[in-house]
Each structure stands twice: as structure tokens, then as C-alpha cells.
Amino acid sequence: MDFAPEETHLALQRMANDFARQEILPAVEDIDRQKDPAVRFPAALLEKGSRLGLRTLALPEERGGGGADLLTLCFVGEEIGWGDLGVASTFAQDWCVSRSLGGICEDAQFAGFSSQFTADHAAHLTRAELSANPPAESWMPYPPDAEEADEDIPASSARDGDGWALGGFASHVMNGAAARWILVSFDPGISDGEDGRRAFLVDAAGGGGPRAARHHDPMGMRACQDVALAFEDLKVSDSSEIPCDSGAWAKAVPAFCALPASAALGCARRANEHATGHARERVQGGKPIIEHQTVGFMLAENLMELTAARRALQAAAWAADRAATGGEVPDLRESYLTRVLVSEACERIARRSMEVWGGAGYMTEAPMERFVRDMTSFMHSGEMMNSLRARAMPLI
């Protein structure tokens, strides 16, 4: 197996890196300092990326997209993550959901979605799992306010004339308020679908989607939207329902594991670059601190973990692409384990890089503390995996 970038990979890498340097880096500090999470989402910046083809890169070429496979998306995701983890995670969510819909939806349904998605540069995607019992982490350790009372909405999918009425609450939904299409699914026991499950592709155009009940304010990845969505007797048509075949849903798992991890890899790479540059410039004891053995070991560990994490990620993406080409269900254990391995390695790299700066690295005027905040947020942003894991569990 050779994961050296091909010419297509290199061209897309250059394009993504140019976008990161010219558009993301000049804007990211202002985004991070914006206090109001409801207006923090960088819609204009993301639209610029969309016009370069980044938002639709995962769609097949015959559907108006870039036709990129999972390995290619990992190369591109790392470059955007090098610019900002939040921006890269937003694009990664678009890629994950659009790839998933291609394998889950029927051909006519996917064609209709694709034509509208490619035409609207402001449109984004997300997925939400509605549960009858909101998880304990959704509750804050202080008295609930009016917004949090929305969590009492019972999760339901019921027949309503020639369509459906959906109800429920979903917390911590990435791209929640910006998404035009929401891949909605239900826990077993809430509906009478296959294995007690039912799923819909909800078009939120023109205010026809759920209500953004709360904009959460994460400490890192602040370019992302982290939103609580309230589905209050939401009417959808029969054409919105999508199949719940466990095999098709299982094939979506590798993307949801690999693509966010590729964004994290870019963030860790940039943190290490800042640490290396500082170590070459900072003089202590009559020589640059990079020549001090302890600092040299820290930077060497960063490089080892970056290289190992990248190779593991590329191997998992390559294997998932081969399985998809052969119409097989990928090795989901490899996908899950790789997501954990890469994520934990990137968090260690970010923290180690901050330590190279010493006490200065902890200061907000230094670049390092944001990388640590971003990676800490990333390590707690895996709620999307829960329902996919539940669907795929019989196949693991």
C-alpha cells in the first residue's frame, strides 16, 4: 500500500492550503473572539470555500460534486484543519452527511437532493438523533431556563395525513442552525420503522425545519455551530423518509470517523509548527531551546505521533474506500479505533506544543492556547457517532 499523494491529491491539497492561508487564517482570530455564538458562524467564509468546490467535494461528479473518495477527503481535510479546526469540521460534516446520503437514499431521492445542494452555496448539512430520553449530559448543572424546558418535547414520528409529524429534541447538533438538510433518525421504540427505527431527510428551507432552541458556547472550535434543535410537530412529506437498512448505515461510519480526525490532524500539525518555530527562536542558556534535550524530545514525540496518526488514518480511509468499491461493509472496528487513536494523539500534540512555549504558551496573546481549546472541544464532540454505532453494532 502506498499512500503517497497522487497528482489529484496534490492539486486539491494546494487549493485547500491556499484557501486556508488566504481566507481562513486572516479571519480566524476575529471568529474566535466573537462573544455571541448565535452570530459566530462564518457563513461568508464558508461560501467562499463552497465556490471553490470544497463544500460539495464528497458528492459524485455525476451529481455535480468533486467525486472525491475518502482518502482524498482526508488529504483536503487536514489542510483546512491546518487553517482552523472549526471551519474544517463544518466542511467535514457536509462531507460525512452527503456521502452517507449517497449510500442510504434511493437514486431519485439522492438526485433531487444533490441538484439543490450543489446550487445553494449557503446550504449545509447535519444529522440529529431524536431520543425519548435526552442524555444526562444535555442537562446543565443549574436550574433550567425556558430554552432548556424544550427538552421535555416527546420524541415521536406519527402519520399526519399524507405525510409525517416529527417531534423531539436533539442537543449539540453541529451546523444545527445553518443546515438546510437534516438527517433525522429515531431511537428504537419511538417509531414502528425497521427494527423500531425510522429516518427522514428534513429540508429546512424557508423556515420549514426545527427551531434552534439554544446556541451552545463551546470553549474551542468556535467557528462551528453547536445547537440544540427542537422538533415541535414538524410536518414532513412521505418523500422525506429514507431507508433504515443497517448495512447502508454502517457504510457511513468510516466517513464520520475519518473526516473529523483529518481536520484534527491539521490542527495538531499547525500547533507543532508553531512550537518548532518558537523553539528555534527562543534562546535560553546561550542557545535556542530546540537544542535543549528536553525540548528536542518533545518535538520529536510530536513528529512521531503526527506521522503515525496520519498513516493510520490514511490506511483506514484506503481500506474503507476499497470496501465501498467492492460493495462490502467496511471494518468498523478499524474506523472507530483509528478515530480514537488520531484524536488522542492530536490532543497530546497540542498540549505538548503549548508546553514548548512554557508559561507564554498559556497566555491568550500567544497562538498556542487556542489549539489546546480546539482539541479539547474536539475530544468532546463525538455525539454524532452514537446512533451510527448503534445501527452498525450487529455488524461489528
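A brief report on the enclosed structure follows.

Conventions adopted
- Residues numbered from 1 in each chain as written.
- Predicted model: local features only at pLDDT ≥ 70, side-chain atom pairs only at ≥ 80, totals over all residues.
- Heavy atoms only, no water.
- Axes fitted to C-alpha atoms, helices over the stretch in contact; angles between N-to-C directions.
- Helix = DSSP H or I, 4+ residues; strand = E, 2+ residues; numbered from the N terminus.
- Parallel < 35°, antiparallel > 145°, perpendicular 65-115°, else oblique.
- Left-handed = near helix turned anticlockwise from the far one by under 90°.
- Contact = heavy atoms within 4.5 Å.
- Nonpolar A, V, L, I, M, F, W, Y, C, P; charged D, E, K, R; others polar.
- 1 Å grid on protein atoms, 1.4 Å probe; cavity = no way out; pocket = protein on both sides within 12 Å on 5 of 7 lines; lining within 4 Å.
- Points joined across faces, edges and corners; volume = space filled by probe spheres on them.
- Salt bridge = Lys/Arg side-chain N within 4 Å of Asp/Glu carboxyl O.
- Buried < 20%, exposed > 50% of the residue type's maximum accessible area, 1.4 Å probe, protein only.

## Details of the packing of helix α9 (residues 332-356) against helix α10 (residues 368-379)
Here's step 1: Across the interface, α9 lies against α10 with an axial gap of 9 Å and an inter-helix angle of 155°. For the element pair α9 / α10, the angle class is roughly antiparallel. The way α9 lies across α10 gives a crossing that is left-handed. Taking contact as the criterion, the partners of Arg339, Ser343, Glu344, Cys346, Glu347, Ala350, Arg351, Ser353 and Met354 in α9 are, on α10, Met368, Glu369, Phe371, Val372, Met375, Thr376, Phe378 and Met379.
Here's step 2: Considering only residue class, the contact of α9 with α10 consists of nine nonpolar, three polar and five charged.

## Looking at the layout of surface pockets
Here's step 1: There is about 580 Å³ of room inside the second largest pocket.
Here's step 2: Lining of the second largest pocket is provided by 27 residues; of these, Arg99, Ser100, Gly102, Gly103 and Ala324 occupy positions nearest its centre.
Here's step 3: Listed by contribution, the elements that provide at least two residues to the lining of the second largest pocket are α4 (85-104), α7 (253-281) and α8 (293-325).
Here's step 4: Ranked by the residues each element gives to the lining of the second largest pocket, the list is headed by α4, at six residues.

## A look at the pattern of salt bridges
Here's step 1: All told, the structure shown has 28 salt bridges when counted by the stated rule.
Here's step 2: Residue Glu78 pairs with Arg310 through a salt bridge whose shortest N-O separation is 2.7 Å. One end of the pair, Glu78, is in helix α3 (residues 70-83); the other, Arg310, is in helix α8, and 232 residues separate them in sequence.
Here's step 3: According to the relative accessible area criterion, Glu78 is buried, its value standing at 6%.
Here's step 4: Owing to a relative accessible area of 24%, Arg310 belongs among the partly exposed residues under this scheme.
Here's step 5: When the shortest N-O distance is used, the salt bridge between Asp120 and Arg180 registers 3.7 Å. With Asp120 in the loop between α5 (107-119) and β1 (124-130) and Arg180 in strand β4 (residues 179-186), this residue pair connects regions lying 60 residues apart in the sequence.
Here's step 6: You can call Arg180 buried: its relative accessible area is 17%.
Here's step 7: Within the structure, one salt-bridge network assembled from shared partners comprises Asp32, Arg40, Asp217, Arg222, Glu369 and Arg373.

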